[in-house]
Amino acid sequence: MKAIVAVDKNWGIGKNNGLLFSIPEDMKFFRKTTLNKIVVMGGNTLRSFPGGNPLKNRTNIVLSRKIERDDCTVVKSYDQLFSVLKNYPQDEIFIIGGASVYKEMLSFCSEIFVTKVDADGNADVFFENLDNIDGWCLSESSQEIVDNGYKLKFTIYKNLNPKSI
């Protein structure tokens, strides 16, 4: 399984249950990378989408004890999530947030696609700084681009010893 996230220079990922930045190239990258894949998220992440609706053209799996919906798969625990995820090809599963789901699933991810934004978004939630975690290494980094006034790089981190579900 993999994860995809955009971080500011402090590894911040969100503020007030929203994204830190509006970056069209990052949104395009997210759409292209997760299209026709399985996306796993918490309830707050689902609620943060336009209209609170699941992402189109993806299998949406939501971890929440509070949500009851028919337009996505809702699981109430990590044990239930792992049971559901065993039904899908591991390389097609993407963890997409929020912070607690990222933190819990980090060790199970083989790769994490990190869009690094060279700015301080004054975040109130953060992603683990992969540069400081044993067993994680930066394997790819794009040239820096500028989009909507922000400098950013698309990077991929690899987990040298991912856990299996």
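Read on for a plain summary of the structure.

### What to know about the overall build of the chain
Part 1: Each helix and strand counted, the chain has four helices and 11 strands in total.
Part 2: The C-alpha extent of the chain, read off along each of the three principal axes, is 40 × 35 × 25 Å.
Part 3: A burial count over the chain gives 45% of its 165 residues as buried.
Part 4: Sequence-distant contacts, at least 24 apart, represent 63% of the contacts inside the chain between residues at least 6 apart.
Part 5: As presented, the chain carries roughly 8,900 Å² of accessible surface, and 46% of it is formed by carbon and sulfur atoms.
Part 6: Charge separation in the chain, taken as the distance between the mean sites of 21 positive and 20 negative side-chain charges, equals 3 Å.

### Structural notes on the nonpolar core
Part 1: Ile95, Met105, Ile112, Phe127 and Leu130 are the most contacted members of the largest nonpolar core, which totals 29 residues.
Part 2: Only strand 1 (2-7), strand 3 (38-42), strand 4 (59-63), helix 3 (78-85), strand 6 (93-97), helix 4 (99-105) and strand 7 (111-117) provide two or more residues apiece to this core.
Part 3: No other element matches helix 3, which puts four residues into this core.
Part 4: The contact partners of leucine 130, leaving out residues within four places of it in the chain, are Trp11, Leu106, Ile112, Val114, Trp136 and Tyr157.
Part 5: Membership of the second largest hydrophobic core comes to 24 residues, among which are Phe113, Leu152, Phe154 and Ile156.

### Some words on helix 1 (residues 24-34)
Part 1: Asp26, Phe29, Phe30, Thr33 and Thr34 are the residues of helix 1 that are buried. Taken end-on, helix 1 shows its buried residues confined to a sector of 110°, consistent with a single buried face.
Part 2: Looking at the buried positions of helix 1, the neighbouring elements they touch are strand 1, strand 3, strand 6, strand 7, strand 10 (145-147) and strand 11 (150-159).
Part 3: Looking one or two residues beyond helix 1, the residue adopting positive phi is asparagine 36, at roughly 65°.

### What about the side chain of threonine 34?
Part 1: Within the secondary structure layout, threonine 34 lies in helix 1.
Part 2: When sequence neighbours within four positions are dropped, the list of residues in contact with threonine 34 reads Ile4, Val39, Arg58 and Phe94.

### Topic: helix 3
Part 1: Turning to helix 3, its buried residues number three or more, namely Leu81, Phe82, Val84 and Leu85. Each buried residue of helix 3 lies within a common arc of 160° when the element is viewed along its axis, so the set occupies one face.

Rules used in this analysis
- Residues numbered from 1 in each chain as written.
- Predicted model: local features only at pLDDT ≥ 70, side-chain atom pairs only at ≥ 80, totals over all residues.
- Heavy atoms only, no water.
- Helix = DSSP H or I, 4+ residues; strand = E, 2+ residues; numbered from the N terminus.
- Buried < 20%, exposed > 50% of the residue type's maximum accessible area, 1.4 Å probe, protein only.
- Contact = heavy atoms within 4.5 Å.
- Areas by Shrake-Rupley, 256 points an atom, 1.4 Å probe, with all protein chains shown as cover.
- Lys, Arg positive; Asp, Glu negative; His and termini not counted.
- Charge placed at Lys NZ, Arg CZ, Asp CG, Glu CD.
- Core = buried A, V, L, I, M, F, W, Y, C linked by side-chain atoms within 4.5 Å.
- Arc of directions from axis to C-beta.

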